[in-house]
Each structure stands twice: as C-alpha cells, then as structure tokens.
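Architecture at a glance
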Amino acid sequence: MTIAVCPGSFDPITNGHLDIVTRALRHFDEVIVLVTGNPTKTSGLFTIDERVDLIREATSHLEGVRVDSWAGLLVDYTTQHDISALIKGLRSSLDYEYELPMAQMNRRLTGVDTYFLLTDEKYGYISSSLTKEVAKYGGDISGLVPESVHDAIREKFSN
C-alpha cells in the first residue's frame, strides 16, 4: 500500500488544497492530510483540532483520505509512520522557491521524496491567508473553500 502525506497548516483548508489531495489519490492508495504546527499556539483563525475536524468533514467523500496533526519535524512523522512520500501543491514559482530547500532537507534527513503537484489554474490565486482576509472584511469567499468551511469562517468573524 502506498501512502503519502500532504502537510500544511490548513487554516483553513481551501478548494485548492482539496484539489491537490484529490489528485494525489490517483497516485497513492492513501493520503494523510497532516495539519502541522504547534498545537499550543492559538494564533490561527482555527485551532488545530478545529482544522482537523473541518478537513475531515471536507474530505469525507474521498475514500483513502486520513486526517492527522503533528507538532514536530515532518520527517519524524514520516519516519514513525513508515511513509516515504510527501505531496506539496505549487501555485507559482514562489511556492517552488520556498518548498525546494525543505524538500531537499527532508530527503537528506530521511530519504523521503517530495512530489510537487501544480495547482489547477482555477485555484492558483487562492490561499488560506487571502481567504481569511477577504472574509474578515465581509468579502464573498464562496467557491474558495468547502461550504462547511465557509460557514465556520463566517461564524468566527461574526463573533
């Protein structure tokens, strides 16, 4: 069975993220969407547990997806779970410049390979940060995030 990890902060998960996960499932039997970060920090819009729940709901229709969280080094997670593949979505050359050194370091540390998937052009402009900013000021984020995430964001900003 081939397993890959798709790591990220996912604060929140977007339709672009879902596209990457869905496409990764064509090449791997299982994709673990791994919420990374320090679970003791609350600087994000959503807590780690809220992100995990939102991702589980957004991916419930996808067979072969598992959701987990991790606060340590990504390569420690892959080593402990005997995983040899990481999936990263790239929106632009800026993402590539950011991700390349991490991919090389991860490979050097444990031999884990990173697979880059180019974002579908219809999602290329979407980021979690931009989505939160638009929502914060009352902009329409329909079509940028799954409906359940849309509702959760509106609820966060209405409080």
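Residues numbered from 1 in each chain as written. Predicted model: local features only at pLDDT ≥ 70, side-chain atom pairs only at ≥ 80, totals over all residues. Heavy atoms only, no water.

Named according to an unreviewed UniProt entry, the protein is Phosphopantetheine adenylyltransferase originating from Corynebacterium coyleae. What the UniProt record of the protein gives under Subcellular location (unreviewed entry) is the line "Cytoplasm". Looking at the protein in UniProt, the text filed under Function (unreviewed entry) is "Reversibly transfers an adenylyl group from ATP to 4'-phosphopantetheine, yielding dephospho-CoA (dPCoA) and pyrophosphate." (UniProt positions renumbered as here; feature names shortened; annotations may be inferred.)

Time to look at the pairing of strand β1 (residues 3–8). Residues in a regular strand project their side chains so that they alternate between the two faces of the sheet. Burial runs high along β1: five of the six residues are buried. Bridging between β1 and strand β2 (residues 30–36) involves six bridges; their strand directions are parallel. Residue pairing in the sheet places Cys-6 in a bridge with Val-33 of β2. Handedness of the crossover joining β1 and β2 through helix α1 (residues 15–24) is recorded here as right-handed. (Buried < 20%, exposed > 50% of the residue type's maximum accessible area, 1.4 Å probe, protein only. Helix = DSSP H or I, 4+ residues; strand = E, 2+ residues; numbered from the N terminus. Pairing = 2+ DSSP bridges. Right-handed = clockwise from strand over helix to strand, strands pointing away.)

Along the chain, the position of Gly-64 falls in the loop between α2 (48–58) and β3 (65–70). Through-space distance from the C-alpha of Gly-64 to that of Leu-25 is 7.1 Å; in sequence the pair is 39 residues apart. The residues contacting Gly-64, other than those within four sequence positions of it, are Leu-25, Asp-29, Glu-30 and Val-31. (Contact = heavy atoms within 4.5 Å.)

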